[in-house]
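Structure assessment
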Amino acid sequence: MAKIIMGIESSCDDTSVAIVSDGILLSNKTGTQDVHFKYGGVVPELASRAHQQNIIPVAQEALKDSGVPLSDISAIAFTQGPGLLGSLLVGSSFAKGLGLSLGIPIIGVNHMQGHILSSFIVEKANPEKLVPEFPFLSLVVSGGHTMLVVVKDYFDLEVIGSTIDDAAGEAFDKCAKILNLGYPGGPVVDERAKRGDPTKFRFSKPRIPGHNFSFSGLKTSFLYTIRDALKEDSQFIEKNIDNLCASLQKTIIDILIKKTENAMNETRCKNLAIAGGVAANSGLRERLTDVSGKFGWNLHLPEKKYTTDNAAMIAVTGYYMYLKNMFSTLDAIPNARMSL
Ligand code: KG4
Ligand code: ZN
């Protein structure tokens, strides 16, 4: 009998449901929430309500697309944390109710673990896809986290560095907000950076020893550069928008690459993977490809659609947890600050 896992992701503003059969992804459907756009960020109360509206239709769509009848599901994996508590509650309550009614186990997945294992998403259309070999170093760059993790096995992870203040995604988003580029700003900065000169402006880089990251100094330096320039020319942002995006993106990438390079050298790892929303950034993907070629690292870049939040990564992680009998009980509670 195939082991079929339904994965549910509802940690932030995307409601996503995926079906994985014996480790192969059959379907992945996501309902995005437009309600936040006019507020310039995710409004937690509105996110919970939208999840409640979306979850059943999205689950039905994912099931239909997979061709799997509900009665064939072996277990339900859900994001237990970290994330917005109200949003997590919707996904976990749905998983518990459905699991109870079908008489099948539930599996609480750590969202960050899911991001890290996104490299193991193998689509039905491409079953021969290469996945990273253990051990590998994972550069995790999302909206809330920036980490360097040595992945020795699916569930043997060692966090060797993390951010002491803002995450890389937050640096993109907060600086994009200063430029009035909307939320989330990362994808817009990425697009504009392609047309700009990355050497036009210089912003401060942190001097943090070891493998930890810091991005709040960069944000302040970015803000002050703009504030001072606007005093001279009120059109400064409009005139320089592409160069500002390119220079900001280059600074963030420089910080990430330097730390990754140090960590690869120190751990003597030969395999590297990236994960999290910022892993969709085209500049970062290019630079990582270049340095990996230079140093002979085996680089694994997950497909862009699996770098931002998705249920496929939760279902795949749930599948490997299922194989190890890592089940949750019905009193499992969502954890907004769950650590790896
Ligand atoms: O992993 P994710 O979808 O959600 C969290 O778990 O946080 O990451 C969202 C973050 C946001 O900060 C967003 O601006 C950033 O990923 N992001 C990007 C790009 N696409 C998404 N940042 C830079 N370039 C992109 N192309
Ligand atoms: Zn995420």
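Overview of the structure.

Reading guide: rules and limits
Residues numbered from 1 in each chain as written. Chains lettered and ligands numbered in written order. Predicted model: local features only at pLDDT ≥ 70, side-chain atom pairs only at ≥ 80, totals over all residues. Heavy atoms only, no water. Near = heavy atom within 4 Å. Polar contact = N/O pair within 3.5 Å; in protein donor to acceptor, adjacent residues only side chain to side chain. Areas by Shrake-Rupley, 256 points an atom, 1.4 Å probe, with all protein chains shown as cover. Nonpolar A, V, L, I, M, F, W, Y, C, P; charged D, E, K, R; others polar. Axes fitted to C-alpha atoms, helices over the stretch in contact; angles between N-to-C directions. Helix = DSSP H or I, 4+ residues; strand = E, 2+ residues; numbered from the N terminus. Parallel < 35°, antiparallel > 145°, perpendicular 65-115°, else oblique. Contact = heavy atoms within 4.5 Å. Donors = N, O, S within 2.8 Å, 3.2 Å for Na, K, Ca; no water. Tetrahedral: all angles 85-135°; square planar, octahedral: opposite > 155°, others 65-115°. Pairing = 2+ DSSP bridges. Buried < 20%, exposed > 50% of the residue type's maximum accessible area, 1.4 Å probe, protein only. Right-handed = clockwise from strand over helix to strand, strands pointing away. Expected span 1.5 Å × (residues − 1). Arc of directions from axis to C-beta.

Around ligand 1, 19 residues are found, and the nearest of them are Gly143, Asp173, Asp190, Gly277 and Asn281. Contact distances for ligand 1 include 3.3 Å between an oxygen atom and a backbone N or O atom of Gly169. One of the side-chain N or O atoms of Asn281 is found 3.0 Å from a nitrogen atom in ligand 1. Burial of ligand 1 by the protein chains amounts to 87% of its free accessible area of 560 Å². Taken together, the residues that form the shell around ligand 1 break down as five nonpolar, eleven polar and three charged.

Packed helices, taken two at a time, are described by the angle their axes make and the gap between the axes. Relative to each other, helix 5 (residues 186-193) and helix 7 (residues 236-267) sit at 110 degrees, their axes nearing to 8 Å. One way to sum up the angle between helix 5 and helix 7 is to call them roughly perpendicular. Along its contact with helix 5, which presents Val189, Asp190, Arg192 and Ala193, the element helix 7 presents Ile241, Asp242, Cys245, Ala246, Leu248 and Gln249. Residue composition of the contact of helix 5 with helix 7, grouped by class: six nonpolar, one polar and three charged.

For a metal with four donors in a tetrahedral arrangement, the ideal angle between donors is 109.5 degrees, while six donors in an octahedron ideally sit at 90 or 180 degrees. Those protein atoms acting as donors to the zinc ion (ligand 2) are His111 (NE2), His115 (NE2) and Asp309 (OD), and they sit at 2.0 to 2.1 Å. For the zinc ion (ligand 2), the four donor atoms are set out with angles of 96 to 135 degrees between them, so the coordination reads as tetrahedral.

Take the sheet that holds strand 3 (residues 24-32) next. Across a sheet, paired strands are connected by hydrogen bonds in the backbone, their directions being either parallel or antiparallel. Here we have six strands laid out as an open sheet, ordered 5-4-1-2-3-6, and mixed in their pairing. Strands with a single pairing partner mark the edges of an open sheet, and in this sheet they are strand 5 (106-110) and strand 6 (122-123). When strand 1 (residues 4-9) meets strand 2 (residues 14-21), the two strands line up antiparallel, connected through six bridges. Within strand 2, the position partnered with Gly7 by the bridge is Ala18.

Spatially, the five strands line up as an open sheet ordered 9-8-7-10-11, and their pairing is mixed. The outermost strands of the open sheet, each flanked by one partner alone, are strand 9 (156-162) and strand 11 (298-300). Strand-to-strand twist across the sheet, computed as the mean angle between neighbouring axes with direction ignored, equals 25 degrees. As paired strands, strand 7 (residues 136-141) and strand 10 (residues 271-275) are joined by four bridges and run parallel to one another. Residue pairing for strand 10: Ser138 is matched across the bridge by Ala273. The sheet contacts of helix 7 involve strand 7, strand 8 (146-153), strand 9 and strand 10, and relative to strand 7 the element is tilted by about 160 degrees.

The next subject is the pairing of strand 10. Across the five residues that make up strand 10, a large majority, five, are buried. Across the two faces of strand 10 the burial is the same, with Asn271, Ala273 and Ala275 and Leu272 and Ile274 all buried. Relative to strand 11, strand 10 runs parallel, the two sharing three bridges. Looking at strand 11, one finds that Leu272 is bridged to Leu299. Running through helix 8 (residues 282-295), the crossover from strand 10 to the neighbouring parallel element strand 11 is right-handed.

Summarising the element assignment, His51 is placed in helix 1 (residues 44-66). Given the relative accessible area of 0%, His51 is considered buried. Sequence separation between His51 and Gly31 is 20 residues; the distance between their C-alpha atoms is 8.5 Å. Aside from chain neighbours lying at most four places away, what touches His51 is Ser10, Cys12, Asp13, Asp14, Thr15, Gln33, Ser87 and Val90. In terms of polar contacts, His51 uses its side chain to reach the backbone carbonyl oxygen of Cys12, at 2.8 Å.

What sets the pattern is the α-helix's 3.6 residues per turn: residues three or four places apart point alike. What helix 4 (residues 168-178) keeps buried is the set Ala168, Gly169, Ala171, Phe172, Asp173, Cys175 and Ala176. At the C-terminal side of helix 4, Asn180 shows a positive phi close to 60 degrees.

What follows deals with helix 6 (residues 216-232). When the terminal C-alpha atoms of helix 6 are compared, their 25 Å separation across 17 residues agrees well with the 24 Å that a helix rising 1.5 Å per residue should span. Leu218, Ser221, Phe222, Ile226 and Ala229 are the residues of helix 6 that are buried. All buried residues of helix 6 fall inside an arc of 130 degrees around its axis, so they share one side. Packing partners of the buried residues in helix 6 comprise helix 4 and helix 7.

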